[in-house]
Amino acid sequence: MTTTAARHVGVIGLAVMGENLALNIERNGFPIAVYNRTWERTEEFINGRASGLNVAAGKTLPEFVALLERPRRIIIMVKAGAPVDAVIAELIPLLQEGDMIIDGGNSLFIDSERRSKEVEAANLHFVGMGISGGEEGALWGPSLMPGGPKQAYILLEPMLQAIAAKAEDGEPCVTHIGPGGSGHYVKMIHNGIEYGDMQLIAESYDVMRHALGMTAPQIAAVFAEWNKGPLASYLIEITAEVLAYTDPETGAPLVDLILDTAEQKGTGRWTSQNALELGSPIPTIDAAVFARTMSSMKERRVAASQALKGPNPEDIAAMTSRIDPPRLLGYLERGLLFAKISSYAQGMALLRAASDSYNWGLDLAEIARIWRAGCIIRAELLEPIRAAFGAQPDLENLLLSIGFLDIVNEGAGACRSVVTLARSIGVPVPAHSASLDYFDSYRTAALPANLTQGQRDYFGAHTYRRIDKPGIFHTEWNAEPAS
Ligand code: NBP
């Protein structure tokens, strides 16, 4: 441990994320100071993983602050929520004009908006920075989504670029997202998209095991193959590895022994709630959030499985016996790609809606660019998405991008085949269905909302507009028609 020379940056919070981020910063040559509320954890770190490294530690917060060069750059990596407010309240009196507080946790963007006002009122800068990539990413290169004042970002940029993941073209996965809580907002959408991706993958796996009777290792081989094509991504790669893993105790595929109740920490739900507020549909992400909720009702599902009937087993057997496996696997691959593009189209449209609504000036090409490496949704697909928004910054919907038109028009047919088969054999595919319904609704010039408007006018005199003449109309629907 070194305690001389002013430290370029400080990290508060030495749990999984803070510790790894601190080691990443140190490895990249930036003198660093660390602090943790509980001193034992700091001691463990400096005498353990940070032993012999250029890391200074403060036992108290004032001691830690005194180690930093000015303007101070302090990254908070503590539990999201009240702990972040507690740390900020303790820090403010110790800092001076122009110092920067960077919250690197998974904070709700509304909290970051509020905190940025509180911190700016003390003549300090607040940067709400989404970080994705988990423990490995924090150590070796995460995708970083910093939001806050541009002048603060400029002062942080050399360090952030050094510690961020690098895409294949060598570009660091970090950019100035926008003001206020925009960085944490973009991280929230990233997580929502991650929920959608994971659910879509799980549904493909479910169709393979039920329609084709495939085992986990056989399905692993399919995902490994898909990872060489347009679906290539971190999530497909780890799916193949999870499915191929054998439980050392029983010799069975471990995935077959895992209880089917998925947990959630809330970022997916936050995304859905915000989309409802902004009126920007994200049905695939909504379906993924609810799929996790349904999965958590294990006891109720087990009980219902005795009472509620799916399709007739003979019909299922007859149907599955007619399936040509290579053909279905082709549909599944192209259907998954289609469903994923539809989900990204929804997510990007929500980013646009938020940018307009909160006046953030988000650059969607830049956001796709920094998601290409380091983060959980990193995928080959993000380069063409970046290119689509780069070529057409005002692109209204990704589905309409020239580069994607043929893929989605062809892929919709494959997804339709998957959804139709799954429905016929009683396998739930809510995220595939939602992706397809979004596409079908978006491409439909005349939806049945004319009838909805008629009903609304009938019971609530809500009025309607007509397609054959201008104006606002109301009808006394149950009055005797004029003879
Ligand atoms: P945790 O979320 O588990 O938080 C533990 C840290 O918070 C400890 O350092 C603890 O100090 C500190 N802390 C708490 Br709790 N209350 C505090 C308070 N009132 N004042 C000061 N410190 C307090 O840590 P994590 O898993 O490393 O995650 C850090 C942040 O990064 C979270 O917002 C998380 O959501 C986010 N994130 C996590 C991941 C991931 O993969 N884990 C990925 C991306 C983002 P103590 O030692 O004294 O108890």
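The structure displayed is predicted, hence computed values, not measured ones.

Engineer: Hey, could you go over the packing of helix α15 (residues 325-358) against helix α17 (residues 382-391) for me, with residue numbers and the actual values?
Structural biologist: Contact pair α15 / α17: the axes reach a minimum separation of 12 Å and the direction vectors enclose 40°. The angle between α15 and α17 falls in the class oblique. Crossing handedness for the pair α15 and α17: right-handed. Packed against α15, whose contacting residues are Tyr 344, Met 348 and Arg 352, the element α17 presents Leu 382, Ile 385 and Phe 389 at the interface. Tallied by class, the residues present in the contact of α15 with α17 amount to 5 nonpolar, no polar and 1 charged.

Engineer: So what's going on with the sheet that holds strand β6 (residues 125-132)? Which residues, and what values?
Structural biologist: Pairing is mixed in the open sheet, where 7 strands are placed in the order β3-β2-β1-β4-β5-β6-β7. A strand with exactly one partner marks an edge of an open sheet, and here the two such strands are β3 (55-57) and β7 (143-147). Across this sheet, the average inter-strand angle for adjacent strands is 25°, counted without regard to direction. Here strand β4 (residues 73-76) runs beside strand β5 (residues 100-103); their pairing, made up of 4 bridges, is parallel. By the bridge assignment for β5, Arg 73 is matched with Met 100. In this fold helix α2 (residues 39-47) packs onto β2 (32-35) and β3, with an angle of close to 160° to the strand it touches most, β3.

Engineer: Can you lay out unusual backbone geometry for me, pointing to particular residues and giving the numbers?
Structural biologist: A cis amide bond, omega -5°, links Arg 70 with the succeeding residue Pro 71. Not every positive phi belongs to a glycine, and Asn 123 is a case in point at roughly 60°. The class of Asn 123 is partly exposed, set by a relative accessible area of 48%. Unusually for a residue other than glycine, Asn 359 sits at a positive phi of about 65°. With respect to the element layout, Asn 359 can be found in the loop between α15 and α16 (364-370). Residue classification places Asn 359 among the exposed residues on the basis of a relative accessible area of 69%.

Engineer: Account for the pairing of strand β1 (residues 9-12), with residues named and values stated.
Structural biologist: Side chains Val 9 and Val 11 of β1 all project onto a buried face; the interleaved residues Gly 10 and Ile 12 project onto the opposite face, where all are buried too. The sheet contact formed by β1 and β2 spans 4 bridges and is parallel. Looking across to β2, one finds that Val 9 is bridged to Ile 32. Following the backbone out of β1, through helix α1 (residues 16-27) and into the adjacent parallel β2, one traces a crossover that is right-handed. By the bridge criterion, 3 bridges tie β1 to β4 in an arrangement that is parallel. Bridge pairing in β4 links Val 11 to Ile 75.

What counts, and where the lines are drawn
- Per chain, residues are indexed from 1 in the order of the written sequence.
- Restriction of local features to residues with pLDDT of at least 70 applies here, the model being predicted, together with a cutoff of 80 or more for giving and counting side-chain atom pairs; totals for whole chains, interfaces and linings are based on all residues.
- Computation of side-chain values: all heavy atoms of the structure, hydrogens and water removed.
- Here an axis means a line fitted to C-alpha atoms, over the contact stretch when the element is a helix, while the angle between two N-to-C directions is reported on a 0 to 180 degree scale.
- Every helix listed is a DSSP run of H or I at least four residues long, and every strand listed is a run of E at least two residues long, numbered separately from the N terminus.
- Convention used here: angles under 35 degrees read as roughly parallel, angles over 145 as roughly antiparallel, angles from 65 to 115 as roughly perpendicular, and any remaining angle as oblique.
- When the near helix sits turned anticlockwise from the far one by under a right angle, the crossing is termed left-handed; a clockwise turn instead gives a right-handed crossing.
- Residues are treated as being in contact if the distance between any of their heavy atoms lies within 4.5 Å.
- Just so you know the grouping, Ala, Val, Leu, Ile, Met, Phe, Trp, Tyr, Cys and Pro go in nonpolar, Asp, Glu, Lys and Arg go in charged, and all remaining residues, Gly too, go in polar.
- Two strands pair if DSSP finds at least two bridges between them.
- Under the scheme applied here, a residue whose accessible area is under 20% of the maximum for its type counts as buried, over 50% as exposed, and between as partly exposed, the area being computed with a 1.4 Å probe on protein chains only.
- Classification remark: right-handed applies to a crossover when, strands pointing away from the viewer, the course from the first strand over the helix to the second runs clockwise.

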